[in-house]
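Descriptive structure summary
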Amino acid sequence: MNRPIGVFDSGVGGLTVVRALREHLPNERIIYVGDTARAPYGGLSAETLLTYSRQIVRFLLNKDVKAVVLACGTTSSTAYEALIAENPDIPMVDVIRPGVAAVERLANQRLGFIATVATVRKGLFARLLREAYPDINIKSRACPLFAPMAEWGLFASAVTRWAAETYLRDWRGNIDALVLGCTHYPLLTDVLGEVLPNVYFVDLADETAKKTAERLREGGLLNDSSGPPLHEYYASGKPEIFGPIAEKILGIPCKASKINFK
Ligand code: DGL
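First things first, this report covers the structure right here in the doc. (Residues numbered from 1 in each chain as written. Predicted model: local features only at pLDDT ≥ 70, side-chain atom pairs only at ≥ 80, totals over all residues. Heavy atoms only, no water.)

1. A few points about the overall build of the protein chain
A tally of helices and strands in the protein chain yields 12 helices and 10 strands. Computed over the C-alpha atoms, the radius of gyration of the protein chain is 17 Å, within 12% of the 18 Å expected from 2.2 N^0.38 for a compact globule of 262 residues. By its C-alpha atoms, the protein chain is 50 × 40 × 35 Å across when sized along the principal axes. Per-residue burial over the protein chain gives 56% buried out of 262 residues. Taking the intrachain contacts of the protein chain between residues at least 6 apart in sequence as the baseline, contacts between residues at least 24 apart amount to 75%. As displayed, the protein chain has an accessible area near 11,300 Å², and 50% of this comes from carbon and sulfur atoms. (Helix = DSSP H or I, 4+ residues; strand = E, 2+ residues; numbered from the N terminus. Rg over C-alpha atoms; globule rule 2.2 N^0.38 Å. Buried < 20%, exposed > 50% of the residue type's maximum accessible area, 1.4 Å probe, protein only. Contact = heavy atoms within 4.5 Å. Areas by Shrake-Rupley, 256 points an atom, 1.4 Å probe, with all protein chains shown as cover.)

This is the structure we're talking about:
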């Protein structure tokens, strides 16, 4: 029961999900992996993404996690089904499938969906929404520079603003809500709000955290010990780059350790 939850992403983006997990499940211990040496994931093939995800899941299972959260839209779209088939005894939660619930009360509005190239190509989120709401009005677009910019901590820089303007200016006035289909993108909402004023931003993290809480509750896996849990952070790239950006996102000390995947 008091085993940790494993959470992974290509880098710091999944920490937006950790933020929501800490809110919904304050007693749970989290082991986080940011695969920064191989980021960004958005331009990789489904096969490579599955290979990387398998390596990370193996690492997390060796740490005795009781559940795994794919805090990444890209692996949620491409690797989740294979991972759950291969690990039937471990609850796994992705960000795309629970995210459909986040759009429920916006289903009659003009929606935009932005994510990585791999996620947009896969089209899973738009397909699930169309199944749930056949008349839905949604357009999708890949914004491949956003994740690397967020990875470098460029949350509100001029270069990020330029990229947002370039990618999204033609949607100004044409959408009411924008679904952030990559977990790095909630880090850029200041800039996105300048480029798309009066647009409501939909973050997938909250529904993902709720789904994780539900799966733990159903499985009798909730942590019953009290006291602040100790989290662990691993980065496959430079931990000294990952750590300070993680601290900025989570607002708590995040000393990361180095992990090597081969
Ligand atoms: N944060 C990830 C996602 O949600 C990956 C972004 C990337 O590495 O390209 O898709």
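2. A look at the state of the cysteines
With the rule as written, the count across this model stands at 0 disulfides. Free cysteine: C143, not disulfide-bonded; nearest cysteine sulfur from C182 at 9.3 Å. Using a relative accessible area of 0% as the deciding quantity, one classes C143 as buried. The cysteine C182 is free of any disulfide, with C72 supplying the nearest cysteine sulfur at 6.9 Å. Residue classification places C182 among the buried positions, given a relative accessible area of 6%. (Disulfide = S-S within 2.5 Å.)

3. Comments concerning the packing of helix 1 (residues 15-24) against helix 11 (residues 205-218)
Axis angle and axis distance: for two packed helices, these are the angle between their axes and the distance between the axes, and together they describe the pair. At their nearest, the axes of helix 1 and helix 11 sit 8 Å apart, and the two run at 50 degrees to each other. The angle between the axes of helix 1 and helix 11 places the two elements in the oblique class. Judged by the sense of rotation from one axis to the other, the crossing of helix 1 with helix 11 is right-handed. Contacts from T16, V17, A20, L21 and H24 in helix 1 reach A205, D206, T208, A209, K210 and T212 in helix 11. Residues that form the contact of helix 1 with helix 11 fall into these classes: 5 nonpolar, 4 polar and 2 charged. (Axes fitted to C-alpha atoms, helices over the stretch in contact; angles between N-to-C directions. Parallel < 35°, antiparallel > 145°, perpendicular 65-115°, else oblique. Left-handed = near helix turned anticlockwise from the far one by under 90°. Nonpolar A, V, L, I, M, F, W, Y, C, P; charged D, E, K, R; others polar.)

4. Examining helix 11
Its 14 residues give helix 11 an end-to-end C-alpha distance of 20 Å, which sits within 8% of 20 Å, the value for a rise of 1.5 Å per residue. Among the residues of helix 11, A205, E207, T208, A209, T212, A213 and L216 are the ones counted as buried. Packing partners of the buried residues in helix 11 comprise strand 1 (5-9), helix 1, strand 3 (67-70), strand 4 (92-93), helix 5 (96-99) and strand 8 (200-203). Within two residues after helix 11, G220 carries a phi angle of roughly 60 degrees, on the positive side. (Expected span 1.5 Å × (residues − 1).)

5. Structural notes on the pairing of strand 3
Successive residues of a regular strand alternate their side chains across the two faces of the sheet. Going residue by residue along strand 3, you find A67 and V69 tucked away on one face and V68 and L70 tucked away on the opposite face as well. In the sheet, strand 1 pairs with strand 3 via 4 bridges, with the strands oriented parallel. The residue bridging I5 from the neighbouring strand is A67, located in strand 3. In this sheet, strand 4 lies alongside strand 3 in parallel orientation, the contact comprising 2 bridges. Each bridged residue has a counterpart across the sheet, and for V68 the counterpart in strand 4 is M92. (Pairing = 2+ DSSP bridges.)

6. Things to note about the environment of D176
You can see D176 is positioned in the loop between helix 9 (158-168) and strand 7 (177-180). We classify D176 as partly exposed; its relative accessible area is 24%.

7. Some thoughts on the packing of aromatic side chains
Aromatic ring pairs are reported here in terms of the distance separating the ring centres and the angle at which the planes meet. Tallied over the entire structure, the rule returns 7 aromatic pairs. Arranged with centres 4.8 Å apart and planes meeting at 10 degrees, the rings of F113 and F125 form a pair that is stacked. Remark: F125 occurs in helix 7 (residues 124-132) and F113 occurs in strand 5 (residues 110-115); sequence separation between them is 12 residues. Across the pair, F125 and F113 agree in class, each one buried. Summarising the aromatic geometry, the rings of F146 and Y185 are spaced 5.3 Å apart at their centres and angled 90 degrees between planes, so their arrangement reads as edge-to-face. Placement of F146 in helix 8 (residues 146-151) and of Y185 in the loop between strand 7 and helix 10 (189-195) is noted, with a sequence separation of 39 residues between them. Of the two residues examined, F146 and Y185, each falls in the buried class. Three or more aromatic residues link up through ring pairs in this structure, and these residues are F59, Y234 and F261. One cation-aromatic arrangement involves K248 over F155; the distance from NZ or CZ to the ring centre is 4.8 Å. (Phe/Tyr/Trp six-rings, centres within 6.5 Å; stacked < 30°, edge-to-face > 60°. Lys NZ or Arg CZ within 6 Å of the ring centre and 35° of its normal.)

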